[in-house]
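# Coordinate inspection notes
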Amino acid sequence: MANGYKKGLNGADVDFEKTWGILEKAFQEIHTKNASALSFEELYRNAYKIVLKKKGEELYNKVAQFEENWLGNNVRTGIVKHLTAPLMLDGTGRTLNTQAERREAGEKFLKSLKGAWEDHQVCMGMLTDVLMYMDRVYCTDHRQPSIFAKSMGLFRDQILRTPVRPDSPTLLEILTRIILDQIQMDRDGEAIDQFLIKSNVYMLEGLYDSDQEVEDEKLYLRSFERVFLQSSAAFYREEGERLLKESDAGTYCRHAKRRIDEENDRCRSTLSEATTPKIQRVVEDELIRHKMKGLIEMETGVSFMVENDKLHELSLVFDLEARVNPQKPELTKAMQKLIVEMGTNINRNAVAASQATAQPAAAEDAADDAPGKSKAGSAKAINQQTVAALKWVEDILGLKDRFDNICKASFAADQTVSTAINRSMADIINAFSRGSEYISLFIDDNMKKGIKNKSEAEIDATLEKAITILRYLSDKDIFETYYKKHLCKRLLLNKSHSIAVEKQMITRMKIELGNSFTLKLEAMFKDMTLSEDLANGYRNHVRKLGDADPKRVDLGINVLTAMTWPLEAFKSASEQEGQESRAQVIYPPSIDRVRLGFERYYSEKHSGRKLTWQTNMGDADIKGTFPKSKGDKPRTHDMNCSTYAMLILLLFNDLPDGQSISLEEIQVRTNIPMNDLKRNLQSLSVAQKTRLLVKEPMSREINAGDRFSFNENFKSEFTRFKIGVVSAGNKVEGDKERKETEKKNNDSRGFAIEAAVVRIMKQRKDLAHAQLLTETITQLSAQFKPDVNMIKKRIESLIEREYLERIEEAPVPSYRYLA
Amino acid sequence: MQLIHVTARGQKLPVDDHADRRSVNDTVKSRDEQRYSVDEIMSIKTGVYSDLTIKCGKYMFEVHKVIVCTRSEYFATACKPGAFKEGQTGVIELLAASESDGTDEDPSADDPEAVKSMIEFLYGHDYEASAIFVDPGKVNEGKLKNAKPPLIPCGDCNTVMHAKMYALGSKYHIGSLKAVALAKFMEAASYAWNTSDFVEAMRLAYSTTPDEDKGIRDIVAQTIVDHQDVLLPRMEVETTVRGISGLAYDLLKQKGSTKPDVEGPSCNTCGGAQVRTCWHCRKGFVGCSCDTTHSNGNYYCKQCKKSHGY
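Residues numbered from 1 in each chain as written. Chains lettered and ligands numbered in written order. Predicted model: local features only at pLDDT ≥ 70, side-chain atom pairs only at ≥ 80, totals over all residues. Heavy atoms only, no water.

### Thoughts on the overall build of chain B
Per the secondary structure count, chain B includes 14 helices and five strands. Put simply, chain B has 310 residues, and 52% of those count as buried. For chain B, the proportion of contacts with a sequence separation of at least 24, taken over those separated by at least 6, is 63%. Total accessible area on chain B is roughly 14100 Å²; 54% of this is exposed by carbon and sulfur atoms. (Helix = DSSP H or I, 4+ residues; strand = E, 2+ residues; numbered from the N terminus. Buried < 20%, exposed > 50% of the residue type's maximum accessible area, 1.4 Å probe, protein only. Contact = heavy atoms within 4.5 Å. Areas by Shrake-Rupley, 256 points an atom, 1.4 Å probe, with all protein chains shown as cover.)

### Regarding the environment of Q783(A)
Residue and element names in this part refer to chain A. Mapped onto the elements, Q783 comes out in the loop between helix 30 (769–780) and helix 31 (788–800). Note: C-alpha distance between Q783 and S474 (309 residues apart in sequence) is 7.1 Å. Here Q783 is in contact with S474, D475, K476, D477 and A752, once residues within four sequence places are set aside.

### Focus on helix 15 (residues 311–324) of chain A
Every α-helix carries 3.6 residues per turn, so stepping three or four residues along brings you back to the same face. An ideal rise of 1.5 Å per residue puts 20 Å on 14 residues; helix 15 of chain A measures up with 20 Å between its terminal C-alpha atoms. The complete set of buried residues in helix 15 of chain A reads E313(A), L314(A), S315(A), L316(A), V317(A), F318(A), L320(A), E321(A) and V324(A). (Expected span 1.5 Å × (residues − 1).)

### Overview of the interface of chain A and chain B
When the parts of a complex come together, some accessible area is lost, and that lost area is often taken as the interface size. Each partner contributes residues to the interface: chain A has 32 residues there, and chain B has 37 residues. Taking both partners together, chain A and chain B bury about 3100 Å²; carbon and sulfur atoms supply 60% of that area. On inspection of chain A and its partner chain B, the count reaches three salt bridges. The shortest N-O distance in the salt bridge between D211(B) and K54(A) comes to 2.8 Å. (Buried area = accessible area lost by both parts, 1.4 Å probe. Salt bridge = Lys/Arg side-chain N within 4 Å of Asp/Glu carboxyl O.)

### Focus on the packing of aromatic side chains
Aromatic rings considered in pairs are described by the distance between their centres and by the relative angle of their planes. Residue and element names in this part refer to chain A. All chains considered together, the criterion is met by 22 aromatic pairs over all chains. Aromatic side chains W117 and F155 sit 5.2 Å apart centroid to centroid with 65° between the ring planes, which places their arrangement in the edge-to-face category. On the criterion of sequence distance, the pair formed by W117 in helix 5 (residues 99–130) and F155 in helix 7 (residues 147–160) is long-range, its members being 38 residues apart. What makes W117 buried here is its relative accessible area of 7%. (Phe/Tyr/Trp six-rings, centres within 6.5 Å; stacked < 30°, edge-to-face > 60°.)

### Notes on the sheet that holds strand 9 (residues 814–817) of chain A
All names here are of chain A. One open sheet holds the three strands; their spatial order is 7-9-8, and the pairing between them is antiparallel. Two strands lie at the open edges of the sheet, namely strand 7 (766–768) and strand 8 (804–806), each paired on one side alone. Across the sheet, the mean angle from the axis of one strand to that of its neighbour is 30°, orientation sign disregarded. In this sheet, strand 9 lies alongside strand 7 in antiparallel orientation, the contact comprising three bridges. For D766, the partnering residue across the bridge sits in strand 9 and is R816. On the sheet, helix 30 packs against strand 7 and strand 9 and is oriented at approximately 90° with respect to strand 7. Running over the sheet, helix 31 touches strand 8 and strand 9 and is turned about 100° from strand 8. (Pairing = 2+ DSSP bridges. Axes fitted to C-alpha atoms, helices over the stretch in contact; angles between N-to-C directions.)

### Some words on the sheet that holds strand 4 (residues 693–696) of chain A
Residues and elements named next belong to chain A. Read across the sheet, three strands follow the order 3-5-4 without closing on themselves; strand pairing throughout is antiparallel. At either margin of the open sheet sits one strand with a lone partner, and together these are strand 3 (660–662) and strand 4. Between one strand axis and the next, the sheet turns by 30° as a mean value, whatever way the strands run. Bridging between strand 3 and strand 5 (residues 707–710) involves three bridges; their strand directions are antiparallel. Counterpart to S660 in the pairing with strand 5 is S709. Across the sheet, helix 28 (residues 674–685) lies against strand 4 and strand 5, angled at about 110° from strand 4, the strand it touches most.

### As for the environment of P813(A)
Residue and element names in this part refer to chain A. Summarising the element assignment, P813 is placed in the loop between strand 8 and strand 9. Exposure remark for P813: the relative accessible area of 56% places this residue in the exposed category. Excluding its chain neighbours within four sequence positions, the residues that come into contact with P813 are A768 and H769.

### Re the packing of helix 22 (residues 476–492) of chain A against helix 23 (residues 499–513) of chain A
Residue and element names in this part refer to chain A. Following both chains from N to C, one finds helix 22 and helix 23 inclined at 165°, their axes separated by 13 Å at the closest point. Taken together, the axis directions place helix 22 and helix 23 in an arrangement best described as roughly antiparallel. As for the relative orientation of helix 22 and helix 23, their crossing is left-handed in sense. Here helix 22 contributes K476, F479, Y483, L487, R490 and L491 to the contact with helix 23, which in turn contributes I499, E502, M505, I506, M509 and L513. Across the contact of helix 22 with helix 23, the residue classes break down as nine nonpolar, no polar and three charged. (Parallel < 35°, antiparallel > 145°, perpendicular 65-115°, else oblique. Left-handed = near helix turned anticlockwise from the far one by under 90°. Nonpolar A, V, L, I, M, F, W, Y, C, P; charged D, E, K, R; others polar.)

### Some remarks on the confidence of the model for chain A
Low-pLDDT stretches of the model should not have their predicted coordinates read in fine detail. In the predicted model, chain A carries a mean pLDDT of 77, and the fraction of residues at 70 or more is 86%. Within chain A, helix 3 (residues 40–52) of chain A carries the highest mean pLDDT (87), whereas helix 1 (residues 4–10) of chain A carries the lowest (42). (pLDDT = per-residue confidence, 0-100.)

### Section: unusual backbone geometry
All names here are of chain A. For K33, which is not glycine, the phi dihedral falls at a positive 60°. By relative accessible area, K33 is classed as exposed at 59%. Its identity as a non-glycine residue notwithstanding, K765 has a phi of 65°, on the positive side. The residue K765 is located in the loop between helix 29 (735–764) and strand 7 in this model. On the accessibility criterion, K765 (44% relative accessible area) is partly exposed.

### A few points about the confidence of the model for chain B
All names here are of chain B. Looking at chain B, the pLDDT average stands at 75 and 75% of residues meet or exceed 70. Ranking the elements of chain B by mean pLDDT puts helix 1 (residues 38–46) last with 56 and helix 7 (residues 159–171) first with 90. For the stretch residues 1–34, pLDDT sits under 50, and the model shows 73 contacts to residues farther than four places along the chain or on other chains. Prediction confidence for the complex, expressed as pTM and ipTM, is 0.59 and 0.72 respectively.

Right, dumping it as structure tokens:
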């Protein structure tokens, strides 16, 4: 024991050579795949011994040297052998051989390289096993790369980075080129051995740029991937441009999508997963991002797709752009442009229709046997305009439905796009100056006729449509004016088909536009209900009086609050001129009695209220008895006519047979405004079906000096009929009316602005001009979009009236509220 | 896994020379039996279902890859199929140091007894070394002369075997074995420091581990520095220290860092060392001021602490 340590420690260098000899021989065997007879225990022990004797470094270097020699001498020559002619470039950088030859030679080369790499891996695995103790002790403590890493570096240097011949490229460059070539073949649709390439990519991924093995310095990333991405970019740029020229947009989309999928698959099957996002980005850049504009503007682009309802292709475009930009700016822009284009078209058509129809209608007059030549003509024109209005609404709804549908079907109900579509819809609706009126007319038409014979769900849908458009409208106050006017006529003339639906509509508006908007509309309904009670109450009251006069005229009455009802709706433009219309109509005694009776009854219930009779809005049911003509019994007819018509007819009650009354006489005796009088006489004496009076001379126009007498020969096949008065329904306004409405609207806006300004100032006391403007606009935006100039004028006026004053010393123009 | 396990009764392992096929677990005492399942013991004893044979010198161990290979990277690598001879034959023959003096000049050869203990450890997470008698008088030489009460050697005191086990742990990549062996070595060295065995252990420690493996070397150096007054003048110590490259420097370094006023083997943290009796198992164990008492004011050895939660 005493001498044991001497030998053990100091004689360390004795057998290093001998021990290494054993190892070297074994390594040789391992590399020639002859390892099965080797004893792991022996090899490990020898390596262990060398390291114990502090010869770790020598061993490490020896092994490295051994590997270097082996790779340089044996392995490289084996691979270079496979670099056959088809793989080498000629002077121009192109091979002269056919693709098939190239592919075959490439595969051979790849196979040999793959084989060499795999052998190297296996062998080095075994060497690492044997040298485990060295790796643990020597490499760790001396900060050396493990022998495995070292040998991988050797493989890289000896095999990949050494030029084949002094002046030719390295194997790595050749490898890169061959893989790219094969991938190109794959893209062209030729079958290649994906697995073979994948193996080589594995190799590149397993190797690093330097011996430090920094993760992002993999040889694959450093050498191959970069070149691959560059060449792919070039390829797709060229392909994209070619496709834009040659094919249609749908094909392009499908192709781009397929290419992206292909590249993804390729990364999975042939290259590295790590490349997937990068190549995807390249393809997206080249095929989508840079081409999107061109694609959308193609002849067969988005507008073509929308026109032809190519929903699927639209969804392809959408998918493509969504891929590169979640905002989808190009597509959004294109859609908005389309909507504005189509919307402007609709607007233009509506304007054209409303203007153009006036002339043809007048031209048709001659053939038309409706009474009142030009009047009827213009009435018809107005009717045409109403149709145009309805058409406009339907068109706008159609447009919206269409794009909503596209949005849902093709764009996955994308938020950004649908917002953009909505904004454009709002733009075109508000760009149309008659929008508010037309929407109201649309509702009016539906209330009167549209909802007849419709199920509840259908009515619901119709109402919803109206609300949808209403939502876009910014000038809600104008709409309110029109709606009130139309509603008023519907209610008073009993034109509305269903009060329940009317109320439903109001509820919807309430939800959509707020309480204040519908307040007045609801008041109108309330008036109607109250009036009914009132009329019933009066009837009972009369009955209780015990006055059972069968001849007594029954009275139905609507008491309307003056402020809430737009009664001017009933006056035609021509009537505005004089105040004579305000003059009381002269009632015959039988009627007057009832009127006074009610006034008495009403003032008993509500003292201090003044009743104004709007006779121009009333109507009357009359039972008329006509003398029998030859072989007939006397006929009675129930007639419904306007109050004015009733007054006129009553005059003829007392007239002896054969007598006639002149126009002027009628006017004097009834005090009906001349215009109304003429209109009523027209329907009584000119319209064929209700010709109760005979006019002298017979013509369409009612002229001064015309005389009227009772038409004894009146015949009608109906027992009940209605004597219509020209122009009573809701129609598009004439120019004059519109001007009137606008003026009124501007006035009311003025008040609203003033109110808002005062409200704000009262709260803030002092406020800068700009801020005041913003706040005012915000406050009013629910009702309409205020005009800045108008606000300024209003502020001026408020200052004049000493509600506000300018603060002289303020740095920015400001106002102060004067309490 | 316990790191320090003190055997109170030093036991000579029964050696059955007649049987050249021995089952290692004959030596695993019933004391530890509760820590193994019945199946485990049966399988080691009889070699049933064994799929690997490890030979070393006169021993042949029928072992199970599932145990051996999962604990030692060396065996795992050796058993890899399709690589080396061992992977196909299922036999690993470890070179045994020549039987004559137990230390062949080839430091890569193994002592079969140590290999046996290693296998025992792989199965049982512990091994026992044969106990060596140490003269109590020699323990208390030098600066321990006046120690009250005098230190009474206990445990196996087999520094050589523990040094070998440490080397095996390093060679065969069994980290836990190194830790266990180190603890045992430390304890044994505190009693057996004044023996020629320790000098041999010293040599082994320096020749079978790489320079960077400080574990056992530090303890050797510490022990020499602690007992320098007795050890350094001795001839065999001098030859050995001179013969081992690097030991001199380690000693110097150790001497510089040792607190001068501490007597006996000491803890690196608190500088003290004490032999205490475990309140639970009544065995002595080496502790230091770092040890904490249980809430009842008594000390417990690490094993009892762990297994009984004291």
